[in-house]
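Inside the fold
If you want the building blocks of each chain, they are given just below.
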Amino acid sequence: MTPYALAARTNPVPASDDTEALGDEIARLSAHMHAAEYRLLTLLREFDEREGWGAGGFRSCAHWLSWRTGLSAGPAREKVRVARALADLPLIGARMRRGQFSYSKVRALARVATPENEAELIHFAEHATVAQVERLVRGWRRVDRLEACAEESRRERRSLEVYPDEDGMYVVRGLLEPEVGALLMKALEVAGRELYRADPEASAAQRSADALGELLRSGDGPSVQAVLHVASNGVARTEEGVGVSAETSERLTCDARVTEVVVDGSGGDVLDVGRARRTVPARMRRALEARDDGRCRFPGCESTRCDAHHVRHWSRGGETKLENLVLLCRFHHRLVHEGGFRVELRTTGSGTAASAAARGQDDVAGA
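None of the values given here were measured: they were computed from a predicted structure. (Residues numbered from 1 in each chain as written. Predicted model: local features only at pLDDT ≥ 70, side-chain atom pairs only at ≥ 80, totals over all residues. Heavy atoms only, no water.)

In this section: the overall build of the protein. The number of helices and strands found in the protein is 14 helices and 11 strands. Counting every position in the protein, which comprises 367 residues, the buried fraction comes to 31%. Counted over contacts in the protein with a minimum sequence separation of 6, partners at least 24 positions apart contribute 50%. Just so you have it, the protein exposes about 23,500 Å², and 53% of that area is on carbon and sulfur atoms. (Helix = DSSP H or I, 4+ residues; strand = E, 2+ residues; numbered from the N terminus. Buried < 20%, exposed > 50% of the residue type's maximum accessible area, 1.4 Å probe, protein only. Contact = heavy atoms within 4.5 Å. Areas by Shrake-Rupley, 256 points an atom, 1.4 Å probe, with all protein chains shown as cover.)

This is the structure in structure tokens:
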């Protein structure tokens, strides 16, 4: 005798004139049926996990259930689906085990419920009919499909093009996925704050362009190298053939990895590739930063994102030694090489200059 049959016998059917008690008994028996259905689903999931249906030549657990219990194929498949889903939905399962949720309600919820959202769904389902729950689930699934389509569409549309135009500037054009675009915007915002202090006259778009350069030059990203081809007459070109001035070429190689390449003057064939070397070794760079307080030595500039600049350029015979180096931020480094400014190392005098001399620092003068 099952416990459910025992419960039915201990609660005899009331007299026909006691309608309220009759309704209560129907509700109690329905709760017992919901609990029994939960027990059935639990056993079915365990049977499925053991693949108990495989020995009899059945194609699936649903195929076996349809044959063994007389269910149609569709309802049998639904039973197996819900049984599997309940393994990850303890809150919904607990409601059904206590007889609070019917199989019909749980079947609908199991189409969209996850461990993350089941509490929210339960709050709605506790106060809704099965029809209302099914409408909610249909709308939920429709939104999920739209979001999935939008996500797939964004994925297919992603692109990035970088190419030089006629005057040597590089054009950047593309579409980035939301998370990539958000990361780029935040990185440009952070890098652009210091650039604003260094050049407040620059537009927002100009600062973004400079900030991208800062990110590419920093050591936070992947290791890359840009190659300049410099002829014996000093004319330099990028790998794409874009011309670069001698001043720009000198600035780029102030603190960069340099590879000497010997080219046949007649045919352009490579004859020899020299050994790559960093012009400012790490130990010397640390000594330079200690001497210059880790900041740009251009008068009035406090920027700490700096290049190691050769006062007498390396390509003109300048040596890579502390006495020939000074820290300059990107903005002032460009001014020195391409803006008509020059750098002088001089012994400081009294006052503020004297304190700088006491720390063993050098000043930068514009001319």
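Before going further, it helps to examine the side chain of Arg95. With respect to the helices and strands, the residue Arg95 is situated in helix H5 (residues 90-97). Accessibility expressed as a relative area gives 18% for Arg95, which makes it buried. Those residues in contact with Arg95 that lie beyond four places of it in its chain are Gln100, Phe101, Ile122 and Glu126.

For the rest of this paragraph, the subject is H5. Those residues of H5 that sit buried are Ile92, Gly93, Ala94, Arg95 and Met96. The inward-facing, buried residues of H5 abut helix H2 (19-49), helix H6 (103-109) and helix H7 (118-125). Once H5 ends, the next one or two residues include Gly99, with phi positive near 80°.

Looking now at the nonpolar core. In terms of nonpolar packing, the biggest core is built from 32 residues, with Leu86 and Ile92 touching the most fellow members. The dominant element in this core, judged by the number of residues it contributes, is helix H4 (residues 73-85), at 5 residues. With sequence-adjacent residues up to four places away left out, Ile92 is seen in contact with Leu86, Phe101, Val106, Leu109, Ala113, Glu118 and Ile122. The next biggest cluster of nonpolar side chains, apart from the first, holds 14 residues, and it includes Cys301, Val326, Leu328 and Val343. (Core = buried A, V, L, I, M, F, W, Y, C linked by side-chain atoms within 4.5 Å.)

On to unusual backbone geometry, then. One non-glycine residue, Glu51, adopts positive backbone phi at about 55°. Considering the arrangement of structural elements, one finds Glu51 in the loop between H2 and helix H3 (61-69). Residue Glu51 is classed as exposed on the basis of its relative accessible area, which comes to 55%. You will see that Asp293, though not glycine, has its phi angle at about 60°, which is positive. With respect to the element layout, Asp293 can be found in the loop between helix H12 (282-291) and strand S10 (306-310).

Here the focus is empty space enclosed by the protein. Using the criterion set out here, one finds 1 cavity of 30 Å³ or more in the structure. The space that makes up the largest cavity amounts to roughly 60 Å³. Along the wall of the largest cavity there are 10 residues; nearest its centre are Glu194, Leu195, Glu214, Ser303 and Arg305. Every element with two or more residues in the lining of the largest cavity is listed here: helix H9 (178-198) and helix H13 (330-338). With 4 residues, the single largest contributor to the lining of the largest cavity is H9. (1 Å grid on protein atoms, 1.4 Å probe; cavity = no way out; pocket = protein on both sides within 12 Å on 5 of 7 lines; lining within 4 Å. Points joined across faces, edges and corners; volume = space filled by probe spheres on them.)

Taken as a whole, this structure holds 11 salt bridges when the rule is applied. Here Arg173 ties to Glu161 by a salt bridge, and the two come within 3.6 Å at their closest N and O atoms. Here Arg173 is found in strand S2 (residues 170-175), whereas its partner Glu161 is found in strand S1 (residues 159-164), with 12 residues between them in sequence. Residue class for Arg173 comes out partly exposed when judged on its relative accessible area of 46%. Here Asp292 makes a salt bridge to Arg291, at a shortest N to O gap of 2.9 Å. Here the salt bridges do not stand alone but share partners, grouping Glu78, Arg81 and Arg111 into one network. (Salt bridge = Lys/Arg side-chain N within 4 Å of Asp/Glu carboxyl O.)

Next up on the list: the environment of Ala36. Of note, Ala36 is situated in helix H2. Measuring from C-alpha to C-alpha, the distance between Ala36 and Arg97 comes to 7.8 Å, with 61 residues separating the pair along the chain.

This prediction gives the protein a mean pLDDT of 76; 70% of its residues lie at or above 70. Within the protein, helix H14 (residues 351-358) has the poorest average pLDDT of any element, 28, and H5 the best, 94. Below pLDDT 50 for its whole length, residues 1-9 participates in 7 contacts with residues either more than four positions away or in separate chains. A low-confidence stretch, residues 269-278 stays under pLDDT 50, and its non-local contacts, those more than four residues away or across chains, total 28 contacts. (pLDDT = per-residue confidence, 0-100.)

What follows covers the environment of Ala287. Inspection of the secondary structure assignment puts Ala287 in helix H12. Taking the C-alpha atoms as reference, Ala287 lies 7.8 Å from Leu322; in sequence the two are 35 residues apart.

This brings us to the environment of Thr129. Within the secondary structure, Thr129 is located in the loop between H7 and helix H8 (130-157). Remark: the alpha-carbon pair of Thr129 and Lys105, spanning 24 residues in sequence, is separated by 8.1 Å.

With that settled, the discussion passes to a positive patch on the surface. A surface patch of like charges, here positive, comprises Arg135, Arg138, Arg141, Arg142 and Arg145. Turning to its location among the elements, Arg142 is positioned in helix H8. (Patch = residues over 30% accessible without salt bridge, like charges linked within 9 Å, V, L, I, M, F, W, Y side chains within 5 Å. Lys, Arg positive; Asp, Glu negative; His and termini not counted. Charge placed at Lys NZ, Arg CZ, Asp CG, Glu CD.)

On to the side chain of Arg285, then. One can find Arg285 in helix H12. Of note is the side chain of Arg285, whose polar atom sits 2.9 Å from the side chain of Glu289. (Polar contact = N/O pair within 3.5 Å; in protein donor to acceptor, adjacent residues only side chain to side chain.)

With 5 of 5 residues buried, S10 lies mostly within the body of the structure. Burial along S10 is two-sided: the residues Cys306, Ala308 and His310 and Asp307 and His309 are all buried. Inspection of the sheet shows S10 paired to strand S11 (residues 325-329) by 5 bridges, in the antiparallel sense. Within S11, the position partnered with Ala308 by the bridge is Leu327. (Pairing = 2+ DSSP bridges.)

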